[in-house]
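# Structural features, examined
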Amino acid sequence: MQGEADRVIDARGSYCPGPLMELIKAIKEEDVGTVLAVLSSDASSAKDIPEWVKKAGHELVGVFEEDGYWRIVIRKSR
Amino acid sequence: MKNIVVIGGGVGGTLTANYLASKLKPELRERKIKITLISATDKQLYEPGLLYLIFNKMEESEIIREIKYLLDPDINLVVDTATRVDTSNQVVETEKGSYPYDYLVIATGSKVAPEEIPGLKEGGHWFYNLEGARKLRDALAKFKGGKIVVGVMGVPHKCPVAPIEVSFMLHDFFKHLQMRDQVEILYTYPINKVFLMDSVAELVADLFDQKGIEYKTFFNPIEVDAKNKKIMTLEGEEEQYDLLIAIPPHKGSDLVINSGLADKGGWVPTDRFTLKVEGYDNVYAVGDATNLPVSKAGSVAHFEAEVIAENIAAEIKGLPPTARYYGKTMCFIETGFDEATYIWFDYETPPKPVMPSRFIHWTKIAYNRLYWLTARGIL
Ligand SMILES: Cc1cc2nc3c(=O)[nH]c(=O)nc-3n(C[C@H](O)[C@H](O)[C@H](O)COP(=O)(O)OP(=O)(O)OC[C@H]3O[C@@H](n4cnc5c(N)ncnc54)[C@H](O)[C@@H]3O)c2cc1C
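Residues numbered from 1 in each chain as written. Chains lettered and ligands numbered in written order. Predicted model: local features only at pLDDT ≥ 70, side-chain atom pairs only at ≥ 80, totals over all residues. Heavy atoms only, no water.

The biggest cluster of nonpolar side chains holds 129 residues, and the ones touching the most others in it are Trp52 of chain A together with Phe127 and Leu140 of chain B. Core analysis: the next-biggest nonpolar cluster, separate from the first, contains 18 residues, Ile38, Tyr101, Val283 and Ala289 of chain B among them. (Core = buried A, V, L, I, M, F, W, Y, C linked by side-chain atoms within 4.5 Å. Buried < 20%, exposed > 50% of the residue type's maximum accessible area, 1.4 Å probe, protein only.)

Our focus in this paragraph is the domain arrangement of chain B. All names here are of chain B. Structurally, chain B comprises domain 1 (2-109 + 253-328) and domain 2 (113-248). One C-alpha centre belongs to domain 1, the other to domain 2, and the line joining them spans 31 Å. On the side of domain 2, 20 residues touch domain 1, which itself brings 15 residues to the contact. Interface area, domain 1 with domain 2, both sides summed: about 1,600 Å², of which 71% is carbon and sulfur. Across the domain 1-domain 2 interface, the total number found is 3 salt bridges. A salt bridge links Arg134 to Glu60; the shortest N-O distance between them is 2.7 Å. Where domain 1 packs against domain 2, one counts 3 residue pairs in polar contact (both at pLDDT 80 or more). (Domains from an automatic or database assignment. Contact = heavy atoms within 4.5 Å. Buried area = accessible area lost by both parts, 1.4 Å probe. Salt bridge = Lys/Arg side-chain N within 4 Å of Asp/Glu carboxyl O. Polar contact = N/O pair within 3.5 Å; in protein donor to acceptor, adjacent residues only side chain to side chain.)

Before going further, it helps to examine the pairing of strand E15 (residues 230-233) of chain B. Residue and element names in this part refer to chain B. Relative to E15, strand E14 (residues 221-225) is paired through 4 bridges, and the arrangement is antiparallel. Considered in E15, the bridge of Asp225 is made with Lys230. The hairpin turn running from E14 into E15, its antiparallel successor, is 4 residues long, and Lys229 in that turn takes a positive phi close to 50°. As paired elements, E15 and strand E16 (residues 238-240) share 3 bridges and run antiparallel to each other. Bridge pairing in E16 places Met232 opposite Glu238. The hairpin turn running from E15 into E16, its antiparallel successor, is 4 residues long, and Gly236 in that turn takes a positive phi close to 90°. (Pairing = 2+ DSSP bridges. Helix = DSSP H or I, 4+ residues; strand = E, 2+ residues; numbered from the N terminus.)

This is how it looks when you write it as structure tokens:
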């Protein structure tokens, strides 16, 4: 699969800003270099999460549209 | 005899118990059922009043009542802390006793956890509990000018609109003191807009601009440097303040966490329509305690209490339980000391705020007094 991750945050079924806030919680806990994937069924996550990742200075590995949900993969960079 | 046990003497618990008592009056009198409400404290705090208390616009005596005077006299009030829910034996254990149940309602609410942000306890204020509100009232009265940061430090938190309201009220407070030009107000929010819901975010950003209230979004504090009065964020920013009004992270009650009834965040997984705790047929959750994607608001607890009471009463009377919660939420939004708007929404209907008016503000001020009738199950 494209964009393998060390940790997967399954936020499907939760609404904006649920998935972003789940990612924020997880990123606080992980070390620099960790790759995290957020699964979200909320379309706005595919836009909001990359926007936050950019602002917070992390690396966006990719946004992948799966079957009925998005998988947004990022690398903690600082 | 069937035992209905309600844990928590806040909005959700009191209302559920009172509605049950009124629907099941004959059964109570004939001792076919018993309703027990277990509350850790003998008093109830009307939390929305804290927003007024910090500006000296409401007194403590107006926002606190003894629970025994709020409850139907046929309800058995137990002032004690529940320590564990044993779902296999259907018993609630408390510090001093144990209470078997046939139906259980979890109404243990949420509380602020300032300790989750290092330095916040030492360097910040909050108005989300009585103790914090008292301190903030003093700090505001003594404030000599400078920068106030209203910072939301985690979601979910109680009353999603309160941080917005406090910002607007700060604007008027200092305007009335002829100090507004000496006070900078900065509002910060974790996501990329000033509120969760688009329609509200647009209206509020517009009003913030008009009133000269600044705002920063994608702002997630991770630490407060109390000595140097600085907030550090996950986004790598630093923000200076003279007075920090934080909305601290929230968590659920220790009871549900220790009883294995909560998710990672401390919230009880609850069916969004029936309000039954997932995996149980006779255990319900109401109000702030649930994991539902609805506001942690007194109005939600109120509307949910109606559904739970109706369904438990129906089952006891041998009728099918057909009431469903549909996400109904109602929130006033004070936009200053003399105007307010409100939003009304449910699972399918997004909110549409109306233009702020004096009339809506007066309605809110009246409700601040009428709430005690709501708690009694009358209004
Ligand atoms: C500043 C502020 C402003 C607000 N403004 C509004 C508003 O304008 N409109 C609105 O709708 N909502 C508002 N709210 C939110 C509202 O107050 C809460 O959503 C509401 O109180 C939730 O009710 P509850 O019954 O779920 O929980 P709570 O009212 O928190 O009650 C929970 C109760 O359970 C008790 N308890 C907990 N654990 C145990 C245990 N182990 N054993 C026994 N008892 C226990 C607690 O002592 C507490 O009394 C505001 C909140 C704040 C802080």
